[in-house]
Amino acid sequence: QAQLVESGGGLVQAGGSLRLSCAASGRTFSSYAMGWFRQAPGKDREFVAAVGSSGTSTYYGDSVKGRFTISRDNDKNTLYLQMNKLKPEDTAIYYCARAPVPTGWSVRSGRIDYWGQGTQVTVSS
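Everything numeric here is computed off the predicted structure, so don't read it as measured data.

J.: How would you sum up the pattern of salt bridges? Please name residues and give values.
T.: In total, this model carries 5 salt bridges according to the counting rule given. A salt bridge links Arg 38 to Glu 46; the nearest nitrogen and oxygen atoms lie 2.8 Å apart. Given the relative accessible area of 32%, Glu 46 is considered partly exposed. A single network of salt bridges, built from pairs that share partners, joins Arg 38, Glu 46, Arg 67 and Asp 90.

Here is the structure:
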């Protein structure tokens, strides 16, 4: 069993920045790919970013490329999402997710075995 707990969400003005964190329980954090998804009201859940187990391979959704950066600290069992140049359309609940395999591409394809509870990000215009 793994638990994922997100933090760092909040209200920010357009153009601002936020950094989300996801603390993972368990000793096997470094064995699995991790990622972030988001869901805005009335919309489907959307892939945001993924990182492989070692942290060297990363993937991004088209809408966040060049603005968001995903990273992980395997010593601290923590996943991060640095969000810069935020736009009102980035407003959503952001979810941390784990894939049961090391490859980041698996996260992008939706192969998820654990989800966090989500953290709200609101970007005002």
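J.: So what's going on with the sheet that holds strand E8 (residues 78–83)? Residues and values would help.
T.: Spatial ordering of the open sheet is given by E1-E3-E8-E7, a layout of 4 strands whose pairing is antiparallel. Looking at the sheet topology across the chains shown, the edges are occupied by strand E1 (4–7) and strand E7 (68–73). Going across the sheet, the axis of each strand differs from the next one's by a mean of 15°, ignoring polarity. By the bridge criterion, 4 bridges tie E1 to strand E3 (residues 18–24) in an arrangement that is antiparallel.

J.: Summarise the state of the cysteines; cite the residues concerned and give the values.
T.: Applying the stated rule across the entire model yields 1 disulfide. One disulfide bridge connects Cys 22 with Cys 96, the sulfur atoms lying 2.1 Å from each other. Because the sign of the S-S torsion sets the handedness, a value of about -75° for the bond joining Cys 22 and Cys 96 places this disulfide among the left-handed ones. Of the two residues, Cys 22 is situated in strand E3 and Cys 96 in strand E9 (residues 92–98); the sequence distance between them amounts to 74 residues. Across the pair, Cys 96 and Cys 22 agree in class, each one buried.

The rules behind each value
- Residues numbered from 1 in each chain as written.
- Predicted model: local features only at pLDDT ≥ 70, side-chain atom pairs only at ≥ 80, totals over all residues.
- Heavy atoms only, no water.
- Salt bridge = Lys/Arg side-chain N within 4 Å of Asp/Glu carboxyl O.
- Buried < 20%, exposed > 50% of the residue type's maximum accessible area, 1.4 Å probe, protein only.
- Pairing = 2+ DSSP bridges.
- Helix = DSSP H or I, 4+ residues; strand = E, 2+ residues; numbered from the N terminus.
- Axes fitted to C-alpha atoms, helices over the stretch in contact; angles between N-to-C directions.
- Disulfide = S-S within 2.5 Å.

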